[in-house]
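Chains, contacts and geometry: an overview
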Amino acid sequence: MSLPQVEPSSVMPDRITIYEVGPRDGLQNEKTILSTDVKAQFVRRLVATGLQTIETTSFVPAAWVPQMGDAPQLLEQLGELGRGADRPVLVPNERGLDAALAAGVGAVAVFGSATETFAQKNLNRSVEESLRMFAPVVERAKAAGLWVRAYVSMCFGDPWEGAVPIDQVVTVCEAMLALGADQLCLGDTIGTGTPGHVVRLLDALGEKGIAPATLGVHFHDTYGQALANTLAALAKGVRTVDASAGGLGGCPYAKSATGNLATEDLVWACRGLGIETGVDLTELVATSVWMAGQLGRPSPSRVVRALGDSGQ
Ligand SMILES: CC(=O)SCCNC(=O)CCNC(=O)[C@H](O)C(C)(C)COP(=O)(O)OP(=O)(O)OC[C@H]1O[C@@H](n2cnc3c(N)ncnc32)[C@H](O)[C@@H]1OP(=O)(O)O
Ligand SMILES: CC(=O)CC(=O)O
């Protein structure tokens, strides 16, 4: 199926960076534990599609996220392909950082929360305590020459606290950025955000001097808003967009979190808008169809279903 192309608009960029989270966010909530071989093959196939930035795994206790329990082994298998500034891994604390450094990573991401309830559920700490946990992680990672991302989850809605006030989100974002991260990523963990909300949050951050170029956006598609939210963010100047191959994703500690924006859906929309992503869509769809087979269920991505043989 081909798509009529239009000239790039003056508001939209001619190129974006896709920050692929399939191997981490995409798999972390999957009950079927995949072998390290399959995960390594997933990353290799994603690299082959042209995706440049790929978050590969998490250095968290296996008791917390069993699917990520083989992080050192995965990086060992990937060798050079798992290293460098464009292969971030999640680390919550110094113990995780030590293990990630031992594995030779070139980039890490800490992950905080805009709400107290999710901070407790996901990190076993208050927001303030989690900031204290992250501070030496970011400081040591920067000293070691790593690229550092700081996620803020629950930037829009929280399953326990409801709509999250924009001021509250901005305060946590400022604190996370002040740790010294290179990039701040706004997480719509349960996918309740809408484009108007995205614009209001970006405006509020802009008023505090946090420019769109410093930001990534990470939308879950629970309410079917992820692509619309992404386009709103791009129109405001954001240039890094998180997505997950096949639309996999979810958080074991956030009730009602479903899949991320599907990378295929993003690439399809970007093609139509004349925005370069560098991704081979055919290869990507084939990869997601293959992964759906590994997981034993069809991909939730509309584009994978439309272009793949069966999406499974
Ligand atoms: C929105 C999203 O998608 S976010 C990503 C998904 N969510 C997650 O990954 C959850 C992340 N959360 C966590 O990993 C946990 O809450 C933590 C590690 C941050 C804190 O948990 P706590 O239980 O308070 O950790 P604590 O420091 O007390 O350590 C408990 C045990 O885990 C071990 N541990 C702590 N950190 C790590 C780590 N990074 N890697 C491996 N083991 C670790 C400790 O050594 C200790 O082991 P022991 O019982 O044998 O002595
Ligand atoms: C760390 C993340 O995965 C971000 C989010 O979904 O809130």
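Note that the coordinates shown come from a computational prediction; the quantities given were computed from them, not determined experimentally. Each chain has its residues counted from 1, following the order in which its sequence is written. Written order determines the labels here, with chains lettered from A and ligands numbered from 1. Totals for whole chains, interfaces and linings use every residue, but because this is a predicted model, local features are given only for residues with pLDDT of at least 70 and side-chain atom pairs only at 80 or more, for both listing and counting. With hydrogens and water excluded, all non-hydrogen atoms of the structure serve as input to the side-chain values.

**Observations regarding the pattern of salt bridges**
So the rule is basically this: Take a side-chain nitrogen of Lys or Arg and a carboxyl oxygen of Asp or Glu: if they are within 4 Å of each other, that pair is a salt bridge. Comment: elements are numbered from the N terminus, with helices defined as DSSP H or I runs of at least four residues and strands as E runs of at least two. The cut-offs for exposure are 20% and 50% of the maximum accessible area for each residue type, with area from a 1.4 Å probe on protein chains only; residues under the lower value are buried, those over the upper are exposed, and the others partly exposed.
A full pass over the atoms with the stated rule returns 12 salt bridges. Salt-bridge contacts for Arg132 lead to Glu128; the nearest nitrogen and oxygen are separated by 4.0 Å. Here Glu128 and Arg132 lie together in helix α6 (residues 127-143), a separation of 4 residues that amounts to about one turn. Taking relative accessible area as the criterion, Glu128 reaches 46% and is therefore assigned partly exposed. Each of Arg24, Asp25 and Glu55 takes part in one network of salt bridges that share partners.

**A look at the UniProt feature "domain: Pyruvate carboxyltransferase" (unreviewed entry) in the chain**
Applied cut-off: UniProt positions are given in the numbering used here, feature names are shortened, and annotations may be inferred rather than shown by experiment.
Sequence positions flagged by UniProt for "domain: Pyruvate carboxyltransferase" (unreviewed entry) are, in local numbering, residues 16-285. Taken end to end, residues 16-285 has its terminal C-alpha atoms 19 Å apart, with 42% of it in helix and 15% in strand.

**Details of helix α2 (residues 36-48)**
Since the α-helix turns once every 3.6 residues, residues separated by three or four places project in the same direction. As a reminder, the rule being used: Multiplying 1.5 Å by the residue count of a helix minus one yields the expected span of that helix. In this description, contact between two residues means that some pair of their heavy atoms is separated by no more than 4.5 Å.
Compared with the 18 Å implied by 1.5 Å per residue over 13 residues, the 18 Å span of α2 between its first and last C-alpha is a close match. Along α2, the residues that are buried comprise Thr36, Val38, Lys39, Ala40, Phe42, Val43 and Leu46. The inward-facing, buried residues of α2 abut β1 (17-20), α1 (22-28), β2 (53-54), α3 (71-78) and α11 (281-295).

**With respect to the site of ligand 1**
Rule in force here: It suffices for a single heavy atom of a residue to lie within 4 Å of a molecule or strand for the residue to be listed as near it. Under the rule applied, a polar contact is a pair of N or O atoms within 3.5 Å (in protein, one hydrogen donor and one hydrogen acceptor; residues adjacent in sequence only if both atoms are side-chain atoms). Areas reported as accessible are Shrake-Rupley estimates using a 1.4 Å probe. Residue values count occlusion only from the protein chains shown.
Around ligand 1, 21 residues are found, and the nearest of them are Gln28, Asn93, Arg95, Asn122 and Asn124. Residue Arg24 places a side-chain N or O atom 3.3 Å away from an oxygen atom belonging to ligand 1. One nitrogen or oxygen atom from the main chain of Gly96 is found 3.3 Å from a nitrogen atom belonging to ligand 1. Its free accessible area being 1000 Å², ligand 1 has 68% of it covered by the protein chains. Secondary-structure elements contributing two or more residues to the shell around ligand 1 are α1, α4 (94-102) and α5 (116-123). Broken down by element, the residue count for the shell around ligand 1 peaks at 3 residues, all from α5.

**Quick notes on the layout of surface pockets**
Note the following rule: Residues are said to line a cavity or pocket when one of their atoms sits within 4 Å of a point; the points come from a 1 Å grid over protein atoms alone, cavities being sets where a 1.4 Å probe fits but cannot get out and pockets being open sets with protein on both sides within 12 Å along at least five of seven lines. Grid points are joined across faces, edges and corners, and a volume is the space filled by probe spheres set on the points. Throughout, the ten residues Ala, Val, Leu, Ile, Met, Phe, Trp, Tyr, Cys and Pro are labelled nonpolar, Asp, Glu, Lys and Arg are labelled charged, and all others, Gly among them, are labelled polar.
When its volume is computed, the largest pocket comes out at roughly 480 Å³. Contributing to the lining of the largest pocket are 29 residues, with Val60, Leu90, Phe111, Asn122 and Leu123 lying nearest its centre. Those elements giving two or more residues to the lining of the largest pocket turn out to be α1, α5 and β5 (147-153). A breakdown of the residues in the lining of the largest pocket according to their chemical character gives 15 nonpolar, 11 polar and 3 charged.

**Section: the site of ligand 2**
Put simply, the rule reads: If over half the atoms of a molecule are within 2 Å of the grid points of a cavity or pocket, the molecule is regarded as sitting in it.
The immediate surroundings of ligand 2 are formed by Arg24, Asp25, Tyr151, Ser153, Gly187, Thr189, His218 and His220. In this structure, Ser153 approaches ligand 2 through a side-chain N or O atom, which is 2.7 Å from an oxygen atom. Starting from 240 Å² of accessible surface for ligand 2 in isolation, the protein chains cover 94%. In this structure, ligand 2 is accommodated by the largest pocket. The set of elements that each furnish at least two residues to the shell around ligand 2 consists of α1 and β5. Partitioned by chemical class, the residues of the shell around ligand 2 number 1 nonpolar, 5 polar and 2 charged.

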